[in-house]
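# Observations on chain architecture
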Amino acid sequence: MRKIAFVLCTLWLGCAAGFSQAASPVRYEPNWASLDQRPTPQWFLDAKFGVFIHWGVYSVPAWGVVGQYSEWYWRRITETSAKQAPWREFHQKNYGETFNYAEFAPHFRAELYDAKQWADLFARAGVKYVVPTSKHHDGFAMWPSAEADKTWGRPWNAVSNGPRRDLLGELAEATRAAGLKFGFYYSLYEWFNPLWLHDRPRYVKEHMTPQFKDVVARYKPAIIFSDGEWDLPSKDWHSEELLAWLFNESACRAEVVINDRWGKDCRHKHGGYWTTEYAAGLQDASHPWEESRGMAFSYGYNRAERIDDYKTGREFILVLIDLVSRGGNLLLDIGPAADGTIPPIMEQRLLEIGDWLKVNGEAIYGTRTAGRTCQWTSGERPKQDYGEYKVKYNLLEQVGQQPRAGKAVKQVFFTQKPGALYALTVGWPGPELELRGVRAPANPRVTMLGVPGALKVQVEGDRLRITLPELGPDGAPCRHAFTLKIENGDALPER
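Residues numbered from 1 in each chain as written. Predicted model: local features only at pLDDT ≥ 70, side-chain atom pairs only at ≥ 80, totals over all residues. Heavy atoms only, no water.

## Describing the packing of helix α6 (residues 115-124) against helix α14 (residues 344-360)
For the record, the criterion: Structural elements are reduced to axes, namely lines fitted to C-alpha atoms, with helices fitted over the stretch in contact, and the angle between N-to-C directions of any two is expressed from 0 to 180 degrees. Think of it this way: any DSSP run of H or I at least four residues long counts as a helix, any run of E at least two long counts as a strand, and we number them from the N terminus. Put simply, angles under 35 degrees are roughly parallel, angles over 145 are roughly antiparallel, angles from 65 to 115 are roughly perpendicular, and the rest are oblique. Every residue pair with non-hydrogen atoms within 4.5 Å of one another is taken to be in contact. Charged means Asp, Glu, Lys or Arg here, nonpolar means Ala, Val, Leu, Ile, Met, Phe, Trp, Tyr, Cys or Pro, and polar covers whatever is left, Gly included.
Remark: α6 packs on α14, axes separated minimally by 7 Å, with the N-to-C direction vectors making an angle of 40°. When the interaxial angle is binned, α6 and α14 end up oblique. Of the residues in α14, those touching α6 at Gln-117, Leu-121, Phe-122 and Arg-124 are Glu-347, Leu-350, Leu-351, Gly-354 and Lys-358. Residues that form the contact of α6 with α14 fall into these classes: four nonpolar, two polar and three charged.

## Quick look at the sheet that holds strand β10 (residues 368-376)
The cut-off we apply is this: The rule for pairing is simple: two strands pair if DSSP sees at least two bridges between them.
Spatially, five strands are ordered β10-β11-β12-β18-β15 in an open sheet, and the strand pairing comes out antiparallel. Two strands in the sheet have a free side with no partner beyond their single neighbour: β10 and β15 (446-448). Averaged over neighbouring strand pairs, the angle between their axes works out to 20° when direction is ignored. Against the sheet, helix α13 (residues 313-325) engages β10, β11 (410-417), β12 (420-426) and β18 (481-487), with an angle of about 55° to β11. Together, β12 and β18 form the strand contacts of α14, whose direction differs from that of β18 by roughly 20°.

## A word on α14
In an α-helix, one turn spans 3.6 residues, which is why side chains three or four residues apart end up on the same side. Stated precisely, the cut-off is as follows: How far a helix is expected to stretch is found by multiplying one less than its residue total by 1.5 Å. When a residue's accessible area, from a 1.4 Å probe over protein chains only, is under 20% of the maximum for its type it is buried; when over 50% it is exposed; and in between it is partly exposed.
Between its terminal C-alpha atoms α14 stretches 24 Å, which fits the 24 Å expected from 17 residues at 1.5 Å a residue. Every buried residue of α14 is listed here: Met-346, Arg-349, Leu-350, Glu-352, Ile-353, Gly-354, Trp-356, Leu-357 and Asn-360. In the core, the buried residues of α14 are packed alongside β1 (49-53), α6, α13, β9 (329-334), β12 and β18.

## What to know about unusual backbone geometry
A positive phi angle is found at Ala-62, which is not glycine, with a value near 45°. For Ala-62, a relative accessible area of 2% gives the class buried.

## Brief notes about the pairing of strand β8 (residues 289-293)
Rules: By the criterion used throughout, a crossover qualifies as right-handed when its path from the first strand across the helix to the second strand runs clockwise, the strands pointing away from the viewer.
The element β8 is extensively covered by neighbouring structure, given that five of its five residues are classed as buried. Residues Trp-289, Glu-291 and Arg-293 of β8 are buried on one face, and the alternating residues Glu-290 and Ser-292, pointing to the opposite face, are buried as well. Of the strand pairs in this sheet, strand β7 (residues 274-277) and β8 are connected by four bridges, and their pairing is parallel. Within β8, the position partnered with Glu-277 by the bridge is Ser-292. As judged from the four bridges shared by β8 and β9, these two strands associate in the parallel manner. When the sheet's bridge partners are listed, Glu-291 is paired in β9 with Leu-330. Handedness of the β-α-β unit built from β8, α13 and β9 comes out right-handed.

## Remarks on the packing of aromatic side chains
Test applied: Centre distance within 6.5 Å is the pairing criterion for rings of Phe, Tyr and Trp, where only the six-membered ring of Trp is used; planes under 30 degrees apart are then read as stacked, over 60 as edge-to-face, and the remainder as tilted. To sit over a ring, a charge needs its Lys NZ or Arg CZ within 6 Å of the ring centre and within 35 degrees of the ring normal.
Tallied over the full model, the rule gives 43 aromatic pairs. Geometrically, the ring pair formed by Tyr-95 and Phe-104 is edge-to-face, given 4.9 Å between the ring centres and 90° between the ring planes. Its end group placed over the ring of Tyr-365, Lys-128 keeps NZ or CZ at 4.5 Å from the ring centre. One residue, Lys-390, lies across the ring of Tyr-69, its end atom 4.8 Å from the ring centre.

## Overview of the confidence of the model for the protein
Note the cut-off: A score from 0 to 100, pLDDT tells how confident the predictor is in each residue.
Residues with a pLDDT of 70 or more make up 95% of the protein, whose mean pLDDT is 94. This stretch, residues 1-23, has a pLDDT under 50; its non-local contacts, to residues over four places away or in other chains, come to zero contacts.

## Some points on the packing of helix α10 (residues 200-219) against helix α12 (residues 239-248)
Formally: Crossings are sorted by hand: turned counterclockwise from the far helix by less than a right angle, the near helix makes the crossing left-handed, and turned clockwise it makes it right-handed.
Relative orientation of the contacting elements α10 and α12 amounts to 20°, with a least axis distance of 11 Å. Taken as axis vectors, α10 and α12 run roughly parallel relative to one another. Crossing angle aside, the handedness with which α10 passes α12 is right-handed. For the pair formed by α10 and α12, the contact residues are Met-208, Thr-209, Phe-212, Lys-213 and Val-216 on the first element and Leu-242, Trp-245 and Leu-246 on the second. Of the residues contributing to the contact of α10 with α12, the split by class is six nonpolar, one polar and one charged.

## What about the environment of Asp-490?
Here Asp-490 lies in strand β19 (residues 490-491). A C-alpha to C-alpha distance of 32 Å links Asp-490 and Ile-258, two positions 232 residues apart in sequence.

Structure below.
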């Protein structure tokens with residue numbers, strides 16, 4: 001009996017040890033070989049749509065040459081090249097030759113800032129995660145950062161200067177109360193920080209590293225958009241050590257999502273999701289990715305931009321669909337004014353997207369790429385380049401229901417979930433839509449989101465002929481794009 005008891009005890013201890021080992025969290029080593037094994041948390045893959053917020057001291061002048069980024073104001077007015085002369089001329093004309101950028105900070109008051117109003121707007125827009133700037137390249141911190149004041153040698157955060165409020169903390173609380181994920185943008189470098197200019201290793205050790213850990217510990221971000229990494233390799237930023245701390249020790253370690261901007265050797269190689277900026281995203285879903293862009297040509301608010309510089313709500317909706325069909329996310333930027341208000345044109349664009357998502361969100365949130373991303377019309381297909389930064393992407397030239405000047409256009413986009421294929425049309429296709437290369441049951445159930453009842457369908461091999469509902473001018477469930485749901489359908493890869 002003693003021998004049997006010993007064996008049973010040994011087996012139990014072995015099982016318990018195995019269970020303990022399986023249940024223990026994975027620890028990541030401070031090297032890319034280990035860090036890159038961390039899977040991207042699923043919430044990011046499901047969310048699809050986030051809002052980016054560029055807001056800070058640069059929102060006081062709120063100006064830039066149209067086509068450039070207004071948040072680079074300080075850097076541009078200090079550059080002596082002929083190309084940047086318009087920036088210098090604007091500054092000298094309106095503020096004077098001796099007016100220093102730091103003098104804008106007391107005028108960054110945020111007197112009309114209402115974080116709850118912002119969060120309510122984002123929720124109505126269908127946004128799932130919110131990414132404000134915690135600190136841009138000018139180094140001004142939007143929270144009570146002791147490192148900012150210390151290394152700059154002056155009050156250089158939103159609690160010690162300007163608004164005298166923890167702007168980041170207020171938005172974190174309001175965002176989470178609205179049921180959205182909260183994170184932040186963080187610039188690794190600062191153009192004119194005295195430590196950065198004179199001793200970069202000390203800057204990384206004494207300023208950037210403790211400041212990053214402070215903002216993470218305070219606000220426990222679900223997502224971090226790192227930037228300003230391009231002057232140093234990740235080894236010099238000590239990014240591997242910092243991310244090992246983030247994934248092993250921080251309070252947000254299980255949830256946090258990171259991007260790929262942790263050193264000049266990292267983009268589309270190391271880190272979390274790949275980033276593209278004012279580009280076309282990436283071709284497929286082989287790795288998580290996200291396209292970010294402003295509503296016009298700048299991330300920060302630029303008073304020089306006019307109505308024709310802004311993309312329409314229709315284009316943003318179609319861009320979202322296109323990106324999601326290829327496996328990506330859209331991080332759409334707004335640039336609030338210095339007083340804390342969001343320009344109404346930006347609010348309108350967000351709400352137009354939100355109205356569409358109320359009807360069609362089922363075909364966006366939580367979906368994955370189908371066997372084929374889209375259905376083309378006949379004709380020669382236009383070429384689309386892909387890259388990290390400022391790649392031409394004029395989607396409106398590539399979509400429609402009929403070929404354009406002999407060129408093929410994308411007529412339908414596909415997404416899918418278990419048990420459902422979604423076909424998102426570009427505009428209203430007419431009384432009938434033919435889907436090609438689709439596998440469906442013998443008697444498929446097809447519906448249009450937002451319209452009650454099933455639609456008439458004729459199956460011809462791998463083609464579906466769908467009779468669309470007869471709707472009057474006010475009867476359409478939404479605008480710009482319409483979703484057909486094919487239960488237990490699949491989009492077949494092109495042969």
